[in-house]
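Residues per chain are reported as follows:
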Amino acid sequence: MADDYLVRIGKLIRDARQHRGWTQTQLADALSTSQSAVNRIERGNQNISLEMIARIGEALDSEIVSLGYAGPMHLRVVGGRRLSGSIDVKTSKNACVALLCASLLNKGRTVLRRVARIEEVYRLLEVLNSIGVRTRWINDGKDLEIVPPARLEMDQMDAEAARRTRSIIMFLGPLLHRMDRFKLPYAGGCDLGTRTIEPHMIALRRFGLDISATEGIYHAEVQRTSPDRPIVLTERGDTVTENALLAAARNAGTTVIRNASSNYMVQDLCFFLEALGVRVDGIGTTTLTVHGVPEIDVDVDYSPSEDPVEAMSLLAAAVVTESELTIRRVPIEFLEIELAVLEEMGLDHDRSAEYAADNGRTRLIDLTVRPSKLEAPIDKIHPMPFPGLNIDNVPFFAAIAAVAQGQTLIHDWVYDNRAIYLTDLNRLGGRLQLLDPHRVLVEGPTRWRAAEMMCPPALRPAVVVLLAMMAAEGTSVLRNVYVINRGYEDLAERLNSVGAQIEIFRDI
């Protein structure tokens, strides 16, 4: 086999093994071979027969490996079905990726509970593994153990994996404490238009980080210093705030961060930093005061909270399919504005009493949504920094507005391209008019119809299209859904558990 095929097959095997929660040693035992042989196979450094590929596929119970050359994943959706029963919200994707980056601050063992098993997490694990960090899934694959090396092997970084996630930008904060110079590939992720890292740099320069960019690589040099006055973020962004927090965590003394995001993933990161021994004052506000510690060497066990955007996805699924569905473990603090808007539109729902998440801090409820006659809101739907309507929840209002009576104006002022992708709903019978790259006018109610189409290259619009397919009578096909797998764990299977009919398939 050509060398590039060996590398591709090796990556498929590695991904399937990690998805199963196995170590290389466990796979080697199942194949009656050595761990070093598995390591060579996964790196593409060993010839491998079709018989061995089949054996690996059988051991891992993985169609990806057994087919070898299977194409991208697609979804076949039989729509028009009502959902029923109850479904739990998974842990936050954005919190989990921030905590993976934050684990680089700690010299000790980090255990993260119920980590989201999603492509974004897998890409970061590939990057961490490539630079020497040991990770393994424990407790039947539910939890993740992370053990850093004494010295990171930055020259061995898996650049391809790093380029496929924007989260790699959050390596800057922790790495500036560990290395005097290092390189990172440009960040990737969803196609949401031009996004600059300058707000990150304005904050991180105050800690002595200097970056030059050449040929797809950030070249970082560090001359450590402590901020002599409060850091004022020029953008109240989530990852910008997280990077500043990561830099401040091991900065001796006190760092004040103003115009900070107080969103859910930032709060989870603050709670984790406190578990590491870093005191953070002002959690949930726009001014954070971080009492850093120069060295962190503790064994820490932390449970990230549930994902409010996934909760919104499930709520929207119930609305567009006109279903009664109970969504459990909803982080209500981060959905209160969305629910207030939906109440004004006429949503029929009940809420349980509040209870604490496993982190002991985040407030959860169980939410039951019933079929409702919705009216378009009087005001436009637009995002605002927390505690406003969540930026990532705006796309779901496109599908909800499409089943409401009247016209709804949606203004997504944050991203350059995302509003454009929402017009893909027109392929399914929607009546959405793009007013400019940021504004869409939605006319409802909609008579959905089945269609076959490519998945939009942005996570939330992609899920919105899937939800509309679930509402459309007939059979729809959504092709190449990798972007959905970046942010949702087993979404099709979980929706099937409450009455959807979604089949996963690949071109052979």
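The following paragraphs examine the structure supplied in this document. Everything numeric in this text was worked out from a predicted model, so none of it was measured.

Cut-offs used in this document
Residues numbered from 1 in each chain as written. Predicted model: local features only at pLDDT ≥ 70, side-chain atom pairs only at ≥ 80, totals over all residues. Heavy atoms only, no water. Helix = DSSP H or I, 4+ residues; strand = E, 2+ residues; numbered from the N terminus. Rg over C-alpha atoms; globule rule 2.2 N^0.38 Å. Buried < 20%, exposed > 50% of the residue type's maximum accessible area, 1.4 Å probe, protein only. Contact = heavy atoms within 4.5 Å. Areas by Shrake-Rupley, 256 points an atom, 1.4 Å probe, with all protein chains shown as cover. Salt bridge = Lys/Arg side-chain N within 4 Å of Asp/Glu carboxyl O. Pairing = 2+ DSSP bridges. Axes fitted to C-alpha atoms, helices over the stretch in contact; angles between N-to-C directions. Parallel < 35°, antiparallel > 145°, perpendicular 65-115°, else oblique. Left-handed = near helix turned anticlockwise from the far one by under 90°. Nonpolar A, V, L, I, M, F, W, Y, C, P; charged D, E, K, R; others polar. Core = buried A, V, L, I, M, F, W, Y, C linked by side-chain atoms within 4.5 Å. Expected span 1.5 Å × (residues − 1). Polar contact = N/O pair within 3.5 Å; in protein donor to acceptor, adjacent residues only side chain to side chain.

Let us look at the overall build of the protein. Check the secondary structure of the protein and you find 19 helices and 23 strands. Radius of gyration (C-alpha) of the protein: 23 Å, near the 23 Å computed for a compact globule of 508 residues. Oriented by its inertia axes, the alpha-carbon framework of the protein measures out at about 65 × 60 × 45 Å. Evaluated residue by residue, the protein yields a buried proportion of 57% over its 508 residues. In the protein, the proportion of contacts linking residues at least 24 apart, taken out of those at least 6 apart, comes to 74%. Accessible surface, the protein: about 20400 Å² in total, of which carbon and sulfur atoms supply 46%.

Within the secondary structure, Trp22 is located in the loop between α1 (3–20) and α2 (24–31). Residues Trp22 and Ile138, spaced 116 residues apart in sequence, show a C-alpha to C-alpha distance of 8.8 Å. Not counting residues up to four positions away in its chain, the partners in contact with Trp22 are Arg17, Leu27, Ala30, Ala59 and Leu60.

Moving on to the pattern of salt bridges. All chains considered together, the criterion is met by 38 salt bridges. With a shortest N-O distance of 2.4 Å, Glu145 and Arg109 are connected by a salt bridge. Residue Glu145 is found in strand β5 (residues 143–147), and its partner Arg109 is found in the loop between α6 (93–102) and β3 (110–112); the two are separated by 36 residues along the sequence. Given a relative accessible area of 8%, Glu145 falls into the buried group. With its nearest N and O atoms 2.6 Å apart, the salt bridge here joins Asp143 to Arg113. Placement of Asp143 in strand β5 and of Arg113 in the loop between β3 and α7 (119–130) is noted, with a sequence separation of 30 residues between them. Exposure remark for Asp143: the relative accessible area of 7% places this residue in the buried category. Take Arg113: its relative accessible area is 23%, and that puts it in the partly exposed class. A single network of salt bridges, built from pairs that share partners, joins Arg14, Glu119, Arg123, Glu126 and Asp158.

Moving on: the sheet that holds strand β18 (residues 406–411). The strands making up a sheet are joined through hydrogen bonds of the backbone, oriented either antiparallel or parallel. Strands sit in the order β18-β20-β19 across an open sheet of three strands; the sheet is antiparallel. Only two strands of the sheet have a single neighbouring strand rather than two, namely β18 and β19 (431–436). Averaged over all pairs of adjacent strands, the angle between their axes in this sheet comes to 20°, without regard to strand direction. The pairing of β18 with strand β20 (residues 439–444) spans six bridges and is classified as antiparallel. Bridge assignment links Leu409 to a residue of β20, and that residue is Leu441. Contacts from helix α15 (residues 394–402) reach β18, β19 and β20 within the one sheet, and its direction differs from that of β20 by about 25°.

Turning next to the sheet that holds strand β8 (residues 217–222). Within the open sheet, the three strands sit side by side as β6-β8-β7. Their pairing is antiparallel. Every other strand in the sheet has two partners, leaving β6 (181–185) and β7 (209–214) as the edge strands with one partner each. Mean inter-strand twist for the sheet, computed between neighbouring axes without regard to direction, equals 25°. One ladder, built from five bridges, connects β6 with β8; its direction is antiparallel. Bridging across to β8, Lys183 finds its partner in His219.

The subject of this paragraph is the packing of helix α11 (residues 238–249) against helix α12 (residues 264–275). Here α11 crosses α12 at 10°, and the two axes come no closer than 9 Å. With respect to α12, the element α11 is oriented roughly parallel. Like other packed secondary-structure pairs, α11 and α12 cross with a definite hand, here right-handed. When α11 is examined against α12, the residues Asp238, Thr241, Glu242, Leu245, Leu246 and Ala249 are found in contact with a partner set consisting of Met265, Val266, Leu269, Cys270 and Leu273. Of the residues belonging to the contact of α11 with α12, the class tally is eight nonpolar, one polar and two charged.

Among the nonpolar cores identified, the biggest contains 154 residues, and Phe171, Phe182, Leu184, Leu209, Leu478 and Ile484 are the most heavily contacted of them. The greatest single-element share of this core, amounting to 11 residues, is contributed by helix α17 (residues 459–471). Sequence-distant contacts of Ile484, that is, excluding residues within four places in its chain, are made with Cys455, Leu459, Ala462, Val463, Leu466, Leu478 and Leu491. Membership of the second largest hydrophobic core comes to 14 residues, among which are Ile13, Ala16, Ile48 and Ile53.

The first and last C-alpha atoms of helix α13 (residues 308–320) sit 18 Å apart over 13 residues, in line with the 18 Å expected at 1.5 Å per residue. Here α13 lies mainly inside the structure; 13 of its 13 residues are buried. For α13, the N-terminal cap is Asp307; the gap from its side-chain oxygen to the backbone nitrogen of Val309 is 2.8 Å. The first or second residue beyond α13 is Glu322, which carries a positive phi of 55°.

For the rest of this paragraph, the subject is the side chain of Glu120. Its place among the elements puts Glu120 in helix α7. Apart from the residues lying within four places of it in its own chain, the contact partners of Glu120 are Lys93, Val97, Arg164, Thr165, Arg166, Ser167 and Arg486.

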